[in-house]
Amino acid sequence: MADRIPLIVNASAGQIQEVPSGDVVNFDNRVVLTNSTASTNKTSGAVVVTGGVGISGALNVGGDITAFSTSDETLKENLVTIPNAVDKVKSVSGYTFKWKADGPYGHLNGKEDTGVIAQQIEALGLPGTTSLRDDGIKGVSYKKLVPLLIEAIKELDARIKTLEG
């Protein structure tokens with residue numbers, strides 16, 4: 001495959017210009033890409049990025065986000081099963097609620113939703129389950145709650161087997 005030359009389209013001047021190697025191109029206005037090429041993997045679709053992507057604001061996606069978390073045992077050490085998982089689960093509540101109409105995240109304002117309270121999850125002391133965003137708002141990594149739920153189910157199963165004798 002031939003080397004690709006990075007190009008920038010200057011629509012207002014009606015020009016296509018080569019971007020010198022190592023230069024940064026800043027878009028001060030909105031960029032809209034219209035292409036209906038669907039993505040079926042990380043190397044297909046209307047836009048393919050071969051490096052990392054940094055996003056300082058919200059990422060709003062119309063479809064599913066597909067990814068896998070690295071979880072290979074060979075990359076882990078000091079494995080400790082989550083103790084007292086049932087008690088931890090019992091200390092958290094699930095809620096239905098409505099986002100405050102004047103909240104900091106405009107796309108959520110007034111929307112009905114289902115979730116947990118980050119402060120309750122944080123109190124569990126499980127690493128990686130909560131984060132503090134740059135704006136001071138706490139978030140929950142719901143996928144990190146799955147190991148807790150797995151261990152709680154196993155604890156309950158053991159209790160049932162003991163009761164069944």
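Above this text you will find the structure in question.
Residues numbered from 1 in each chain as written. Predicted model: local features only at pLDDT ≥ 70, side-chain atom pairs only at ≥ 80, totals over all residues. Heavy atoms only, no water.

### Re the overall build of the protein chain
Note the following rule: Helix and strand assignments come from DSSP, with helices taken as H or I runs of at least 4 residues and strands as E runs of at least 2, each series counted from the N terminus. Any two residues whose heavy atoms approach within 4.5 Å at even a single point are treated as in contact.
Within the protein chain, the regular secondary structure consists of 3 helices and 6 strands. Taken from the N to the C terminus, the helices and strands of the protein chain come in the order β-β-α-β-β-α-β-β-α. Intrachain contacts of the protein chain at a sequence separation of at least 6 include 33% that bridge at least 24 residues.

### Some points on the side chain of Thr129
Within the fold, Thr129 resides in the loop between α2 (118-122) and β5 (130-132). Setting aside chain neighbours within four positions, we find Thr129 in contact with Ile121, Gly139, Val140, Ser141, Lys144 and Leu145.

### Examining the packing of aromatic side chains
Ring pairs (aromatic) are described by centroid distance and by the angle formed between their planes. Heads up, the rule is: Note on ring pairs: Phe, Tyr and Trp rings are taken, using the six-membered ring of Trp, and paired if centres are within 6.5 Å. Classes follow the plane angle, with under 30 degrees stacked, over 60 edge-to-face and the rest tilted. Burial classification: accessible surface area is computed with a 1.4 Å probe over protein chains only, and a residue below 20% of its type maximum counts as buried, one above 50% as exposed, and the rest as partly exposed.
Under the criterion given, the structure shown has 1 aromatic pair. With 5.0 Å between their ring centres and 80° between their planes, Phe97 and Trp99 make a pair best called edge-to-face. Residue class for Phe97 comes out partly exposed when judged on its relative accessible area of 28%. You can call Trp99 partly exposed: its relative accessible area is 33%.

### Let's talk about the nonpolar core
Note the cut-off: Joining through side-chain atoms within 4.5 Å is the link that ties buried Ala, Val, Leu, Ile, Met, Phe, Trp, Tyr and Cys residues into a set, and such a set is a nonpolar core.
Ile82, Ala85, Val86, Val92, Ile121, Leu124, Leu126, Leu145, Leu148 and Ala152 together form the largest nonpolar core, which totals 10 residues. Listed by contribution, the elements that provide at least two residues to this core are α1 (85-90) and α3 (146-164). When neighbours within four sequence positions are excluded, Leu126 is seen to be in contact with Ile82, Lys88 and Leu148.

### Comments concerning the environment of Ser93
For Ser93, the position within the fold is in the loop between α1 and β3 (95-98). Along the primary structure Ser93 and Gly115 are separated by 22 residues, whereas in three dimensions their C-alpha atoms are 8.7 Å apart. Once you skip the residues sitting within four places of it in the chain, Ser93 turns out to touch Gly115, Val116 and Gln120.

### Remarks on a nonpolar patch on the surface
Counted only if it meets this: Distance thresholds for patches are 9 Å for like charges and 5 Å for nonpolar side chains (Val, Leu, Ile, Met, Phe, Trp, Tyr), applied to residues having over 30% relative accessible area and no salt bridge. To measure how exposed things are, a 1.4 Å probe is used in the Shrake-Rupley method; for residues, cover is taken only from the protein chains shown. Salt bridges are defined as contacts in which a side-chain nitrogen from Lys or Arg sits within 4 Å of a carboxyl oxygen from Asp or Glu.
Taken together, the side chains of Phe27, Val31, Leu33, Val47, Val49, Val53, Ile55, Leu59, Val61 and Ile65 make up a nonpolar region of the molecular surface, amounting to roughly 1,000 Å² of accessible area. You can see Val61 is positioned in the loop between β2 (15-18) and α1. On the basis of relative accessibility, which here comes to 42%, the residue Val61 falls in the partly exposed class.

### Here's the deal with α3
To keep it simple, the criterion reads: The span expected for a helix works out to 1.5 Å for each residue beyond the first. For this quantity, the arc is that covered by the directions from the helix axis to the C-beta atoms.
Counted at 1.5 Å a residue, the expected span for α3 with its 19 residues is 27 Å, and the 27 Å between its end C-alpha atoms agrees. Every buried residue belonging to α3 is among Leu148, Glu151 and Ala152, and all of these are buried. Projection of α3 onto a plane perpendicular to its axis shows the buried side chains occupying an angular sector of 105°, all on one side. Residues of α3 that are exposed and point over 90 degrees away from its buried face: Ile153, Lys161 and Glu164. Those residues of α3 hidden inside the fold are in contact with α1. Positive backbone phi, approximately 75°, marks Gly165, located one or two places after α3.

### A closer look at the environment of Pro127
With respect to the helices and strands, the residue Pro127 is situated in the loop between α2 and β5. Residue Pro127 is classed as exposed on the basis of its relative accessible area, which comes to 72%.

### Examining the pattern of salt bridges
Evaluation of the coordinates by the stated rule reveals 3 salt bridges. A salt bridge links Lys161 to Asp157; the shortest N-O distance between them is 3.2 Å. One end of the pair, Lys161, and the other, Asp157, are both in helix α3, 4 residues apart, so they sit about a helical turn from each other.

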